[in-house]
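As a plain string of letters, each chain reads:
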Amino acid sequence: MTEPMTSPATAGPGGSGGKPPRTRGGTASRATPTARFTLPLPAFLRRHNLQLWIGAVILGAMVLLLAIGPLFVTDDPNRQDLLNTFAPSSVAHPLGTDQLGRDVLSRFLHGGRVDLIVAVVAVIVPFLLGTVLGSLAGYFGRWVDIVIMRLADIVSAFPFYVLVIVLVFVMGNGMGSIFVAISAVSWVAYARIVRGEVLVLREQEFISACRASGLSTPRILSRHIIPNTVSQGVIYAMSDIVLNIGVVVTLSYFGMGIVPPTADWGQMMNDGQQYMGTGNYGLILWPGFAVVIVSFALALIGDGLTNTLKPKR
């Protein structure tokens, strides 16, 4: 008798009618696809930086609260009611009152406005000044670079907080003194960041082409150098705002910042510190929590901008 022939369609590599080969343990080996876990996020969050969006939402919510909150909380943040000190939470005073009978929620909202405005505005002048000086130092080099960088070394030789406190002490309390003190110290970081970027950028071929085509130096700086280096300064500005908030709160905490009776988060924490032993934690808890939340949101935005605006070379 002849043996039956096996068709190619049914014959497998193991000689058993196309069945997959068995492993040592007697089970067939199969290529099991692995499912990759992905967060159920909207499409625009999957395409863009999640940190940037989370930080923007948190900061936007805080800014919105501080912006429209005083429209609903109409109590004067400086009005005193000595017969109603340390009052608990109520409809009239949702967060209670402080040691002078002032509404804590009203002072929290107005104080947050002041601190954020000071912190953000105090970034603009150092950002512009540092960007211009850093661009000049990096592009021209030689004696221009030496003069600007030696000046930066002199400023950075002193601790940041110590120099700011000394300048505010000499000029006196108030927003103007804080602006001048921060601007006189903070420009150094921006200048060094931009200078490092310009040193690399000025050797690029398109900058050489600009020079060869006869473009003036101011045009090259304003149209090609600064726009391609300013992104790193913007990223640093997010962390600089956090630092400025810490400066404003710290100065007010030590009685050297915003002039009383203007509401301020640092002044609120200073006033509430001595009453923590009596159980009045809200006086220091709410402004301290707000500082942490704003700083966290700005840190997330800074990380997100780092990924988004990272230069590609």
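The structure displayed is predicted, hence computed values, not measured ones. (Residues numbered from 1 in each chain as written. Predicted model: local features only at pLDDT ≥ 70, side-chain atom pairs only at ≥ 80, totals over all residues. Heavy atoms only, no water.)

Turning our attention to unusual backbone geometry. The residue after Pro 260, namely Pro 261, is reached through a cis peptide bond having omega 10°. Along the polypeptide, Pro 261 turns up in the loop between α8 (217-253) and α9 (265-273). The backbone of Phe 86 shows a phi angle near 50°, a positive value even though the residue is not glycine. Relative to the assigned elements, Phe 86 resides in the loop between α2 (50-72) and α3 (104-140). (Helix = DSSP H or I, 4+ residues; strand = E, 2+ residues; numbered from the N terminus.)

Taken as a whole, this structure holds 7 aromatic pairs when the rule is applied. Centre to centre, the rings of Phe 127 and Tyr 190 are 5.7 Å apart; their planes meet at 90°, and the pair counts as edge-to-face. Note that Phe 127 is positioned in helix α3 and Tyr 190 in helix α6 (residues 175-201), a separation of 63 residues in sequence. Judged by its relative accessible area of 17%, Phe 127 is buried. Owing to a relative accessible area of 0%, Tyr 190 belongs among the buried residues under this scheme. Taking the centre distance of 5.4 Å and the plane angle of 85° together, the rings of Tyr 253 and Phe 254 count as edge-to-face. (Phe/Tyr/Trp six-rings, centres within 6.5 Å; stacked < 30°, edge-to-face > 60°. Buried < 20%, exposed > 50% of the residue type's maximum accessible area, 1.4 Å probe, protein only.)

With that settled, the discussion passes to the pattern of salt bridges. Tallied over the entire structure, the rule returns 5 salt bridges. Between Arg 195 and Asp 145 there is a salt bridge, and its shortest N-O distance comes to 2.7 Å. Linking Arg 195 in helix α6 with Asp 145 in helix α4 (residues 142-156), this pair joins segments that are 50 residues apart in sequence. The salt bridge partner of Arg 150 is Asp 153, with a shortest N-O separation of 2.9 Å. Of this pair, Arg 150 and Asp 153 both sit in helix α4, 3 residues apart, which is roughly one turn of the helix. For Arg 150, a relative accessible area of 45% puts it in the partly exposed group. In this structure Asp 153 comes out as partly exposed when scored by relative accessible area, which is 30%. What emerges from the salt-bridge pattern is a single network uniting Asp 98, Arg 102 and Asp 271. (Salt bridge = Lys/Arg side-chain N within 4 Å of Asp/Glu carboxyl O.)

This brings us to empty space enclosed by the protein. Throughout the structure, instances matching the rule amount to 1 cavity of 30 Å³ or more. Taken together, Asp 98, Arg 102, Val 104, Arg 107, Met 268, Asp 271 and Leu 283 make up the lining of the largest cavity. When residues of the lining of the largest cavity are traced back to their parent elements, those giving at least two are α3 and α9. Of the residues assigned to the lining of the largest cavity, the class counts are 3 nonpolar, no polar and 4 charged. (1 Å grid on protein atoms, 1.4 Å probe; cavity = no way out; pocket = protein on both sides within 12 Å on 5 of 7 lines; lining within 4 Å. Points joined across faces, edges and corners; volume = space filled by probe spheres on them. Nonpolar A, V, L, I, M, F, W, Y, C, P; charged D, E, K, R; others polar.)

Another aspect to go through is the side chain of Thr 131. One can find Thr 131 in helix α3. For Thr 131, the residues in contact, after removing those within four places along its chain, are Pro 126, Tyr 190, Val 194 and Ile 226. (Contact = heavy atoms within 4.5 Å.)

Looking now at the nonpolar core. Judged by nonpolar contacts, the single largest core of 30 residues is most densely connected at Phe 108, Ile 241, Ile 245, Trp 265, Val 294 and Leu 298. With near-sequence residues (within four places) excluded, Ile 245 lies in contact with Leu 116, Ala 119, Val 291, Val 294 and Leu 298. Judged by nonpolar contacts, the second largest core, of 25 residues, contains Ala 122, Val 164, Ala 181 and Ala 191. (Core = buried A, V, L, I, M, F, W, Y, C linked by side-chain atoms within 4.5 Å.)

So, on to the environment of Asp 115. Structurally, the position occupied by Asp 115 is in helix α3. Separated by 149 residues in the primary sequence, Asp 115 and Asp 264 place their C-alpha atoms 6.6 Å from one another. Apart from the residues lying within four places of it in its own chain, the contact partners of Asp 115 are Val 248, Val 249, Asp 264, Trp 265 and Gly 266. Of note is the side chain of Asp 115, whose polar atom sits 3.1 Å from the backbone nitrogen of Trp 265. (Polar contact = N/O pair within 3.5 Å; in protein donor to acceptor, adjacent residues only side chain to side chain.)

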